[in-house]
Structures are given as C-alpha cells and as structure tokens.
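What follows is each chain in one-letter form.
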Amino acid sequence: MPINIIQMKSINNRIALTFFLLLFTSVITSAQEIIKDSVIAPAKKIQSTGKLKIDGVIATVGDYIVLDSDIDKSFLEISTQGGSVNDISRCQMLGKLLEDKLYAHQAIQDSIVVTDSEVKGMMEDRLNYMIEKIGSLEKVVQYYKKDSEEEFRTYFSDILKEGKLSSEMRNKIVEAVEITPEEVRNYFKTIPKADLPTFGVELEVAQIVVTPKISAEDKQKVIDRLNGFKKEIEEGSSFSTKAVLYSQDPGSRSNGGYYKMNRKTPFVKEFKEVAFSLEEGEISAPFETDFGYHIIYVEKIKGQEIELRHILLSPTITETALDEAKEKIILIKKRIEDKEITFAEAARTLSDEKETRANGGALINPQTQDTRFELTKMDPTFYSQVSNLKANQVSVPILDQGEEGKKKFKLITVTNRIDEHTADYAKDYIKIKELALKNKQITAIGKWFNEKIKETYIKIIGEYRDCDFANNWLKK
C-alpha cells in the first residue's frame, strides 16, 4: 500500500513538502502566464501587514514569470481543495512555483509536445469539476475575474498546457529512475528504528466472478451499430461528437473518446493490439474486450506514441441472463460451504474473471501491485464488502456494476489478515521498495534541478531574495 512520506519523520522533510505540494500542481498553476510583455498589475493590500504592495513580476524562469499574486492564489487554491496551508511559507510556495516553471521551460527545450486535443480534453474535465463545485460556468468565469467565457477559456487553456508540460517533464525524469534489491536493502538499513513507519491492518482478498451470458443476437446488434458509426464518420461525421453522445467509457466520453498511449501504457491487450495495428487516420472494425465492443480512430502517430479516439458500447444484459448468473453463483457458494470444493479451486475452474482465476481469485492492489489492501485506505464500497468478513468466510452474492455499466455477480473471501505492525523488511519488501524508489526519484529530481538552474536564465527580485530555498534559485 502506498505510504505517506510524512510518516518517515526526520528521514526527509523536504520530500514530505514536495509530495504534498505535488497534489495541487494542477490547480496552483492557475494564476501563471507565459511572458509576453512587461507585466505590472494594480497595487493590492497585503493582509498580513496592511501595507500597500505592487503586484508585479517577482521571478523569471526562462520564458516564464511568477507574479506576487500567484502565491496568494496558490494558497487559496489549496485551501479550497481542502488542504492545510498552515505549515507552508510564502518562500516555500514560491519555490514550488519556480519548480513548475523550470519543468515547463525545460519541457519545451526537450521538444515535449502537448497537443490542442489534450488541452481541450483537460479543459472539459476541469470545467465540469469546477461547475459542480461553484454552480455554473458564469460563476467560474467570475471567480477567475474574466470578462467572458471566451477570455476565460483562452486564459485557462494556457494554464492547463503549462501544467501538462510541467507534469510531462517531471514524469520523464522519474520514469528513468530504477532501483535494485541491493539499493532497497541499503535504504532500509539507513532508517533509524524509531523512525520505521507503522503499517495499518491489511487484508488479502480473493473473488469469484460470474458474468451474465449475452446472446449472439445482442452482440451483433452492438457490432452493427458500431459499423454504422464507422460508415457515418468515414462520410464526414465527427468521431469526437459520436463518442461524446454514445460511448459508454466514462474515462474518455467527455473528451470525445481521446487517449494518448504508448506500448507501455496499461491498456487491455486486445485494445493495444488493434490501436498499434492502425495507420494514422484509419478507423478500426469493431472488436471485443472485456469491457464490450470498440472502434478506434488513430488521430496522430508520433514515434512510439499514438493519439486516438474510441467508442465503447456494451451489449444489453437481459433480466433472464442476470437471473441465471445469480443462480450459478449461489450454487458455487453452496459447494464451497459444503466443502465440495475450495474457494481457490472454484475460482480457477468456475470464475469468469480471467485476470484473477489463475491465482485462485486473488486480487492485486492496483496501487502497489501486491496482494495486500490496507483497510483504512480501501475504496469505501470495497471496504463495506470485506471489512466484516472473518478469515475464509464467503460473502453473500454481490451484484457489482462497474462504471461502464456492466453487471456481474461476485463472491469475496478474506484469505489473510495482517495486523498493524512496524515495517519489516521481509514482510513489507514491496512497500519498502516503493519508499526507496521515491527517495531515489527525489534525489534524481534534485540533481536535475541543480543542473538546469545553472543553465537557465533565472531572476528573483525584492524581498524574496531573502528566502532560504531548497534549490539554488539565487545561484549563490
């Protein structure tokens, strides 16, 4: 299970601040602009001192600037997202903003590209979120002190693009970092006993899944509908519009079915095989995955990376098929409880979930890629299903409906319970490895900053030159 770095106490306070601030990267950049002309904003009152202060440029990093008001807006954004700013100083916040600017500046130097399609997709997702929180698009525009929706969208698209450039550059740095078992062992030895983290109660869980059977006729209806979409798109209709209107994929529907991926991106095998077999501008024939039936349109191919759109449709599940699936899983539960078959044997021979049946139904934690789930960090729905189960007790049949709308029945059992304990190298290797890797990534990022600061034009003015920055922004 991911461990919050702040649990490591004295090991690395700077890591704690960095990862806390990273949670808000997408929002705290919302007040920053690319340099175009000299910027001097109206005077403003500083609440803490009551003194009149000019809100002008306080820092320059390459082609980017930071305004004094950006710091205030960053604090405000963190507070509105429910975060605490009590332990973050203005100097620390400025340091984080400078980091974001250097990431974005260097991303451009490294020819990292953020497309208009990506920005548009992010824009719609972010707008939907803000409208839900604030109440309406008009209120969002007013919140950002813009005169019109058009002005706001132009302004915000620049902000989103800069934020994406920053995150892509940061990802490029950390993705290149790998760690060996020997490095993990050495890292663990450096942690004082008093500072070893404590891990909460963890469960290992297995499940058996029975999916309702879909008739060949219902499958063909979906295939025919997708072929109809394909024909209309080839005749001039918009793939993006079709995806928004009809796709059943909640992860991409609002973005017009858009995804960017490479061969390492974690998509289902069948989807990746079709995506990488297409030429730019080509639309696939309908094909099946565990999620339903898809068609894919490849917009761009850039080396090993592709930008695509897809439409997902799932066949309708009839009440008769649902009843038959429920009857089957009730019989499986009875056979397990009557000792005719073990849970693991039933999962291997009777479960419809191919990802888990080979391992006797054992679930893999998607966050850590091991079999343990920390009780206090579980999804609330999953928690309610397993928290009261005793060891090897089988749950009642559970009707599960995924985000894509597909229904299935499942049985769950807890195969192992690990009580709260202090970190142990042998028992908690995967979590210790995660900590060690994060520590190495932070070191790599620090080295990167040291190198790039030396070769980038950076200027900090006024009282902020007295800040004690974690990075050598003042080039002393």
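See above for the structure.
Values in this document were obtained by computation on a predicted structure and should not be read as measured data. (Residues numbered from 1 in each chain as written. Predicted model: local features only at pLDDT ≥ 70, side-chain atom pairs only at ≥ 80, totals over all residues. Heavy atoms only, no water.)

**Brief notes about the overall build of the chain**
Rules: Per the convention used, a helix needs a DSSP run of H or I reaching at least four residues, while a strand needs a run of E reaching at least two, with both numbered from the N terminus. Exposure is judged per residue with a 1.4 Å probe applied to protein chains only, and the accessible area is read against the type maximum: over 50% gives exposed, under 20% gives buried, and values in between give partly exposed. Any pair of residues with heavy atoms lying within 4.5 Å of one another is described as a contacting pair. All accessibility values rest on the Shrake-Rupley procedure with a 1.4 Å probe; residue burial counts only the protein chains present in the view.
Within the chain one finds 16 helices and 14 strands. Taking all 476 residues of the chain together, the buried fraction comes to 46%. Taking as baseline every contact in the chain between residues at least 6 positions apart, the subset at least 24 positions apart corresponds to 67%. When the accessible area of the chain is evaluated, it comes to approximately 25500 Å², of which 50% is carbon and sulfur surface.

**Notes on the side chain of Ser167**
Put simply, the test is: Here a polar contact is recorded for every N or O atom pair within 3.5 Å, except that within protein the pair must consist of a potential hydrogen donor and a potential acceptor, and residues adjacent in sequence are included only if both atoms are side-chain atoms.
On the secondary structure map, Ser167 appears in helix H7 (residues 149-175). Only 3.0 Å separates the side chain of Ser167 from the backbone oxygen of Lys164, close enough to count as a polar contact.

**With respect to the state of the cysteines**
For the record, the criterion: Two cysteine sulfurs form what is called a disulfide whenever their separation falls within 2.5 Å.
This structure, assessed with the given rule, holds 1 disulfide. The disulfide that involves Cys91 links it to Cys467, with 1.9 Å between the sulfurs. Between Cys91 and Cys467 the disulfide shows an S-S torsion of about -70°. By sign, it is left-handed. Of this pair, Cys91 sits in helix H4 (residues 90-109) while Cys467 sits in the segment after strand S14 (458-460), placing them 376 residues apart in sequence. For Cys91, a relative accessible area of 26% corresponds to the partly exposed category.

**Quick notes on the packing of aromatic side chains**
Note the cut-off: For Phe, Tyr and Trp, rings pair up if their centres lie within 6.5 Å, where Trp contributes its six-membered ring, and each pair is then called stacked (planes under 30 degrees apart), edge-to-face (over 60) or tilted (otherwise). By definition, being over a ring means that NZ of Lys or CZ of Arg is both within 6 Å of the ring centre and within 35 degrees of the ring normal.
Within the structure shown, the criterion is met by 13 aromatic pairs. Their ring planes at 25° and their centres at 5.0 Å tell us that Phe229 and Tyr246 sit as a pair that is stacked. Placement of the pair is Phe229 in helix H9 (residues 216-234) and Tyr246 in helix H10 (residues 239-246), with a sequence separation of 17 residues. You can call Phe229 buried: its relative accessible area is 6%. Classification of Tyr246 by relative accessible area gives partly exposed; the value is 32%. Joined through ring pairs, the aromatic side chains of Tyr103, Trp448, Phe449 and Trp473 make up one cluster. Across from the ring centre of Tyr155, 3.9 Å away, lies the NZ or CZ of Lys146, which sits over that ring.

**Digging into the sheet that holds strand S10 (residues 372-374)**
By definition, the strands of a sheet pair up through backbone hydrogen bonds, in either a parallel or an antiparallel sense. The condition that has to hold: In this description, strands pair whenever DSSP reports at least two bridges between them. Axis angles are defined between N-to-C directions and span 0 to 180 degrees, where every axis is a line fitted to C-alpha atoms and, for a helix, only to the segment in contact.
One open sheet holds the 4 strands; their spatial order is S10-S5-S12-S11, and the pairing between them is antiparallel. The sheet is open, and its two edges are formed by S10 and strand S11 (398-401), each paired on a single side. Put simply, the sheet's adjacent strands are angled 55° from each other on average, direction ignored. Where strand S5 (residues 202-210) lies against S10, 3 bridges are found, and the strand directions are antiparallel. Bridge pairing in S10 links Glu204 to Arg372.

**Quick word on the sheet that holds strand S7 (residues 287-289)**
One open sheet accounts for 4 strands, arranged S6-S9-S8-S7; its pairing is antiparallel. Strands with a single pairing partner mark the edges of an open sheet, and in this sheet they are strand S6 (258-262) and S7. Neighbouring strand axes in the sheet, compared pairwise and without regard to direction, differ in orientation by 50° on average. The strands touched by H9 are S7, strand S8 (292-302) and strand S9 (305-313); relative to S8, the strand with the most contacts, the crossing angle is about 30°.

**A closer look at the environment of Val141**
Mapping Val141 onto the fold places it in helix H6 (residues 137-143). Along the primary structure Val141 and Glu151 are separated by 10 residues, whereas in three dimensions their C-alpha atoms are 8.7 Å apart. If near-sequence neighbours (up to four positions away) are discounted, Val141 is found in contact with Lys146, Ser148, Glu149 and Phe152.

**A few points about the layout of surface pockets**
Heads up, the condition is: For cavity detection a 1 Å grid was placed over the protein atoms alone, and a set of points counts as a cavity when a 1.4 Å probe fits there but cannot get out; an open set counts as a pocket when protein lies on both sides within 12 Å along at least five of seven lines, with lining residues being those that have an atom within 4 Å of a point. Grid points are joined across faces, edges and corners, and a volume is the space filled by probe spheres set on the points. Basically, the charged four are Asp, Glu, Lys and Arg, the nonpolar ten are Ala, Val, Leu, Ile, Met, Phe, Trp, Tyr, Cys and Pro, and anything else, Gly included, counts as polar.
Quantified by volume, the second largest pocket comes out at close to 660 Å³. Lining the second largest pocket we find 17 residues, and of these Glu168, Asn171, Glu175, Asn262 and Glu305 sit closest to its centre. At the level of secondary structure, the elements contributing two or more residues to the lining of the second largest pocket comprise H7 and S6. If one sorts the elements of the lining of the second largest pocket by residue count, H7 sits on top with 6 residues. Taken together, the residues that form the lining of the second largest pocket break down as 4 nonpolar, 4 polar and 9 charged.

**What to know about the nonpolar core**
Note the threshold: Nine residue types can take part in a nonpolar core, namely buried Ala, Val, Leu, Ile, Met, Phe, Trp, Tyr and Cys, and a core is a set of them joined through side-chain atoms within 4.5 Å.
Grouped together as the largest cluster of nonpolar side chains are 47 residues, with contacts concentrated most on Leu98, Phe156 and Trp473. Looking at this core, the element that brings in the most residues is H7, giving 9 residues. If you look at the next biggest cluster of nonpolar residues, it comprises 15 residues, including Ala206, Val210, Ile329 and Phe409.

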